[in-house]
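What follows is each chain in one-letter form.
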Amino acid sequence: MKLGLMGGTFDPIHFGHLRCAQEVAEMFGMDSVLFIPSARPPLKPAAEVSDYGDRLRMVGLAVEGNPLFSASDLEKGGEKPSYTIDTVRRILAAPGKQGSPPEIFFILGMDAFHGIQRWKDWEELLALCSFIVMTRPGHENGSLIPSLPADYAARYTYKNDIDACAHPAGTSIFFRAVTVLDISSTRIRKMVRKGRTIRYLVPDSVRDYIEQRGLYK
Ligand code: ATP
Ligand code: MG
């Protein structure tokens, strides 16, 4: 069972997230991709993040009709920040359908990978699951440095057969070029505030939800 995890604030989810995840899922033959909105993104000021319920519902609307995608509320609840390491540990601890834990691929953009050293227990996390780093315009790609300290990066060996950097623990970091749409949630929020349309940047269901709930005004 190959499971993709796509974490984010998703404030709101947009076609950039969806298209990239679709391409990566196809590339790796994944069985499923979970979109996991962070209830309390540790690295973003809480006052600037929209209600968790709204963000989760928008993710749910966005993935509707795609059998490969689902919305996950694994990071719901509590005042505590949501840490990826805890989420991955929980998934690995839950018994899978076949009894064996899934092979987990954490999918993220290059911008997010650049900040990996600020993530809780990042060294352990990299040994626990594989990472797929998607290229994004304006961010260089394909190298562990400068995202990781040189001494940690030196633990990895490049493996030709899988075109990835392999960790001694058996996990890998894959850099993959995907059709990156230059869309960001920040810009979408600004556009809504200015009264401009976000049609074709987000699924219609998400656009309707934002309008109905009067989000980002
Ligand atoms: P914000 O502008 O609020 O930071 P965002 O558009 O960057 O929002 P996030 O929820 O922060 O979205 O990102 C979640 C994940 O999706 C991150 O790993 C990020 O790198 C990735 N991502 C964001 N936008 C895109 C995009 N257009 N294409 C591919 N990946 C993206
Ligand atoms: Mg972001």
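What counts, and at which threshold
Residues numbered from 1 in each chain as written. Chains lettered and ligands numbered in written order. Predicted model: local features only at pLDDT ≥ 70, side-chain atom pairs only at ≥ 80, totals over all residues. Heavy atoms only, no water. Helix = DSSP H or I, 4+ residues; strand = E, 2+ residues; numbered from the N terminus. Rg over C-alpha atoms; globule rule 2.2 N^0.38 Å. Buried < 20%, exposed > 50% of the residue type's maximum accessible area, 1.4 Å probe, protein only. Areas by Shrake-Rupley, 256 points an atom, 1.4 Å probe, with all protein chains shown as cover. Lys, Arg positive; Asp, Glu negative; His and termini not counted. Charge placed at Lys NZ, Arg CZ, Asp CG, Glu CD. Pairing = 2+ DSSP bridges. Axes fitted to C-alpha atoms, helices over the stretch in contact; angles between N-to-C directions. Near = heavy atom within 4 Å.

The number of helices and strands found in the chain is eight helices and eight strands. Here the C-alpha radius of gyration of the chain, 17 Å, is about what a compact globule of 217 residues would show, namely 17 Å. Counting only C-alpha atoms, the chain reaches 50 × 40 × 35 Å along its principal axes. Looking at the chain as a whole, 48% of its 217 residues are labelled buried. Only carbon and sulfur atoms are counted for the fraction: they give 50% of the accessible area of the chain, which is about 11,100 Å². Side chains of the chain give 27 positive and 25 negative charges; the mean places of these two sets differ by 5 Å.

Spatially, β3-β2-β1-β4-β5-β8-β7-β6 is the arrangement adopted by the eight strands of the open sheet, whose pairing is mixed. In this open sheet, the two edge strands, each paired with only one partner strand, are β3 (69–71) and β6 (157–159). Ignoring which end each strand starts from, the neighbouring axes of this sheet average 25° apart. Across five bridges, strand β4 (residues 103–109) lies against strand β5 (residues 130–134) in parallel orientation. The residue of β5 that forms the bridge with Gly-109 is Met-134.

Now for unusual backbone geometry. With an omega of 0°, the peptide bond between Asp-11 and Pro-12 qualifies as cis. Mapped onto the secondary structure, Pro-12 falls in the loop between β1 (2–8) and α1 (15–28). Ile-145 connects to Pro-146 through a cis peptide bond whose omega is 15°. Within the secondary structure, Pro-146 is located in the loop between β5 and α6 (150–153).

Lining the immediate surroundings of ligand 1 are 23 residues, of which His-14, Asp-111, Leu-181, Ser-185 and Thr-186 lie closest. Computed on the free molecule, ligand 1 has an accessible area of 590 Å², of which 90% lies beneath the protein chains in the complex. The set of elements that each furnish at least two residues to the shell around ligand 1 consists of β1, α1, β4, α4 (110–114) and α7 (185–193).

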